[in-house]
Amino acid sequence: MNALLTAPSASAFDAVPAPAAMGTAASALIPIENFFESSAFSGAIISPDGRRLAVRVALPGQRVRLAVLELASMQVKVVAFFSDADVNAFRWVNDQRLVFDLADRQLAQGALRYGPGLYAVNADGSNYRQLVTRTDSRQNKRAILMLPWNTFLVESIGDQQSDDVFVSQPEFTRPGDINDLALLRLNTRTGIATTIAQPPGTRNWLFDKQGQLRIAQVRNGAQEEIHYRDGNDAPWRTLARFDAYGESRDAFIPAFFAPDGTLYVHARQGRDKLALYRYDLDKKRIDDAPLAASPDFDVQAEMLGGTGRLLGLRYETDAQTTLWFDEKMQAMQKQVNALLPMSINSLSTGWRSATPYILVRSVSDTLPIQYHLFNSETGSLSVLGSARPAIVPSQMANKELRHYKARDGLDIPAWLTLPRGAAKMRPMVVLVHGGPWVRGSWNWTAESQFLASRGYVVLEPEYRGSTGYGQHHFKAGWKQWGLKMQDDIADGARWAIAEGIADPRRICIAGASYGGYATLMGLVNDPELYRCGIDWVGVTDIELLQNGSWGGYSDVSEHYRQYGMPVLIGDAVKDAAQFKATSPLQQAARITQPLLLAYGSADQRVPLPHGRKFYDAVRKSNAQVEWVEYATEGHGWALPATRYDFWSRVEKFLLKHIATP
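First things first, this report covers the structure right here in the doc. (Residues numbered from 1 in each chain as written. Predicted model: local features only at pLDDT ≥ 70, side-chain atom pairs only at ≥ 80, totals over all residues. Heavy atoms only, no water.)

**As for the packing of helix H5 (residues 446-453) against helix H13 (residues 640-657)**
- For the pair H5 and H13, the least separation of the axes is 11 Å and the interaxial angle reads 40°. Considering the angle they form, H5 stands oblique to H13. Considering how the two elements wind past one another, H5 and H13 form a crossing that is right-handed. In contact with Glu447, Phe450 and Leu451 of H5, H13 contributes Trp647, Val650, Glu651 and Leu654. (Axes fitted to C-alpha atoms, helices over the stretch in contact; angles between N-to-C directions. Helix = DSSP H or I, 4+ residues; strand = E, 2+ residues; numbered from the N terminus. Parallel < 35°, antiparallel > 145°, perpendicular 65-115°, else oblique. Left-handed = near helix turned anticlockwise from the far one by under 90°. Contact = heavy atoms within 4.5 Å.)

This is the structure we're talking about:
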């Protein structure tokens, strides 16, 4: 392991503690807090001119602040710090000015009483201005001069030479549902905003590199429409129209405008894997050959630009991949990789950088996100900070992508994390990702590394329905909750047994959200395979997910209920029998294995009744059920104290049920 990864030199950010040294006792367990503490150093962004770096920094027990590092002098200045809130999202407006909003890391979802607001400040801390209120304070005279609380920053990077940003103003009918969505251009010095004209029903935008709105993605019933205009005063014209959730050969997703004005889109073009293509705006046609593609993974690329041209692309395959078109950036990538050979290293430059400074973001299966500064003139590399400085990479477990066959022959990728020095026939946790329409990656994750540190093999199947592996793999999961999707997970556990990796008597299934649902259905369908289960914030009844009844309010949108669920999950009327057969609530009496259930009282994605009603049903016939309800927590654990408590319970639960033969 490169010394820079295990023993960083002094950093300009003295507030960031150095990684903890390894304990003297070889058997000493790494504290739970090391895995699940909040990030100490995060979100580093280099300025457009390449002269400064902005980053969120947090001391233990203190609020998250926004700091700026002058790269030439390596001098740090805190430019935003609040006693009652934490700096959250931020970005450079131009070379001198930053915009940011707030969150409150000391409160869980159910206790929040304020919006994120929006603020701007110069890199030297001057010209601070609040632009958006955090409450609906109509009686406050100062608030009248600001935009209302439901104003949010739009992630659109233009030429970064003005003081303007784009913000949206959604009009909510209820959480998850938007009646109208306005777009405004906001001057961060004056606070003056102007409304931008757009087609009715617009839900997303794409801007060119001059900061002009060019693409509007419109929702029209079950249809998705792509509208385009040549400039601010040009009329809108429709480029494409296709099903929002169904399969359409002509469907595409606008990706970005290159600096020369070329539009690039993500599309399949009759192929299984998503790729990046050039779109001919005059002919309304996608090129035949892709600019970036992979035979094994969907490609969804972000543009890497600078000095007015397309420098490269960054996208995910098995891990993050960078494709440089620029020879100088290719050479610098090789230099950095030689200095940091054990990690994936992502290089970032200022949009109009005239300096030798390159921001390097490094990550691996054993390394949490770490930032370095590379000087292209001297070839030197210096440490800036780490998201979790207490984690020592040499103590972490390796993670690799493996493949196995499902019972119907479908290839299933799976992430396998083996404890260090792991022998054969270890106890195993089958960790099922949520979504379910998401995917994993080769990076450091707290959950799998914590379990591996306690001696458990961790298997994370990319069951059918997971995204990123092509349309065939994704579509094979449609309407397969509790059926073939569930079989894929069980087939992965049996594969690990056959490979001699897992002890067949010591396998536990676990997961959150959809992963919690799969945990419960795994205990129902394969009681001989799983000795125990851990479900947190898991769906317990598909019909409830679809109709949102039982007194628990869900933020799942009506549009998704009406158009998405019937395609992806099933129709409440036509598939009623299937829903009943694949409902953990309806099948609760069949679960006899030890079970740990954890839910948040303020969860709006999977409301508390999912957990409460299932707990009441399952404990009638199962005395080995543990229940914990976290007051004010939502769909996941926002508070470090909650994370520490929950994973302590997980540790004790697994120790009791599968740690020993």
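**A short note on the pattern of salt bridges**
- A full pass over the atoms with the stated rule returns 33 salt bridges.
- Of the charged contacts in the structure, one is a salt bridge between Asp287 and Arg278, with a shortest N-O distance of 2.8 Å. (Salt bridge = Lys/Arg side-chain N within 4 Å of Asp/Glu carboxyl O.)

**What to know about the pairing of strand S2 (residues 52-57)**
- With six of its six residues buried, S2 lies for the most part within the structure.
- Burial along S2 is two-sided: Arg52, Ala54 and Arg56 facing one way and Leu53, Val55 and Val57 facing the other are all buried.
- In this sheet, S2 lies alongside strand S1 (residues 41-46) in antiparallel orientation, the contact comprising four bridges. Residue Ser42 lies in a different strand from S2, and its bridge partner there is Arg56. (Buried < 20%, exposed > 50% of the residue type's maximum accessible area, 1.4 Å probe, protein only. Pairing = 2+ DSSP bridges.)

**Brief notes about the environment of Leu147**
- Within the secondary structure, Leu147 is located in the loop between helix H3 (141-144) and strand S9 (152-153).
- C-alpha of Leu147 to C-alpha of Pro199: the two residues are 52 residues apart in sequence and 23 Å apart in space.
- Excluding anything up to four places from it in sequence, Leu147 contacts Leu131, Val132, Thr133, Val167, Gln169, Leu186 and Ala193.

**Thoughts on the packing of aromatic side chains**
- A complete count under the given rule lists 31 aromatic pairs for this structure.
- On the basis of an interplanar angle of 35° and a centroid distance of 4.3 Å, the ring pair of Phe166 and Phe207 is categorised as tilted. One end of the pair, Phe166, is in strand S10 (residues 164-174); the other, Phe207, is in strand S13 (residues 202-207), and 41 residues separate them in sequence.
- Assessed through its relative accessible area of 6%, Phe166 is described here as buried. (Phe/Tyr/Trp six-rings, centres within 6.5 Å; stacked < 30°, edge-to-face > 60°.)

**Some words on the sheet that holds strand S35 (residues 625-630)**
- The strand order S28-S29-S31-S30-S32-S33-S34-S35 describes an open sheet built from eight strands, whose pairing is mixed. One side of each edge strand has no neighbouring strand; the edge strands of this open sheet are strand S28 (398-405) and S35. Strand-to-strand twist of the sheet, defined as the mean angle between neighbouring strand axes without regard to direction, takes the value 20°.
- Pairing between S28 and strand S29 (residues 411-418): eight bridges, direction antiparallel.

**Considering unusual backbone geometry**
- Residues Gly435 and Pro436 are joined by a peptide bond in cis, for which omega reads 0°.
- Within the secondary structure, Pro436 sits in the loop between strand S30 (426-432) and H5.
- The phi angle at Thr632 is positive, at roughly 70°, despite the residue not being glycine.
- Its location among the elements puts Thr632 in the loop between S35 and H13.

**Quick look at helix H4 (residues 327-339)**
- Look at H4: 19 Å from first C-alpha to last across 13 residues, which is about the 18 Å you get at 1.5 Å a residue.
- Within the sequence span of H4, burial applies to Met329, Met332, Gln333 and Val336. Projected onto a plane normal to the axis of H4, the buried residues spread over an arc of 105° and lie on a single side. Exposed and oriented more than 90 degrees from the buried face of H4 are Glu327, Lys334 and Ala338.
- Buried positions along H4 lie against strand S22 (309-316), strand S23 (320-324), strand S24 (344-348), strand S25 (357-363) and strand S26 (370-375).
- The N-capping residue of H4, defined by a side-chain oxygen 3.1 Å from the backbone nitrogen of Lys328, is Asp326. (Expected span 1.5 Å × (residues − 1). Arc of directions from axis to C-beta. Polar contact = N/O pair within 3.5 Å; in protein donor to acceptor, adjacent residues only side chain to side chain.)

**Quick word on the sheet that holds strand S20 (residues 285-286)**
- Spatial ordering of the open sheet is given by S17-S18-S19-S20, a layout of four strands whose pairing is antiparallel. Strand pairing shows two members of the sheet lacking a second neighbour, strand S17 (252-257) and S20, which therefore form its edges.
- In terms of strand pairing, S17 meets strand S18 (residues 263-267) through five bridges, oriented antiparallel. In the strand pairing of S18, Phe252 is matched with Ala267.

**Quick notes on the environment of Val87**
- Its location among the elements puts Val87 in strand S5 (residues 86-92).
- Judged by its relative accessible area of 3%, Val87 is buried.
- Along the sequence, Val87 and Pro609 sit 522 residues apart, while their C-alpha atoms lie 33 Å from each other.

Everything listed here is a matter of geometry and, on its own, says nothing about what the molecule does.
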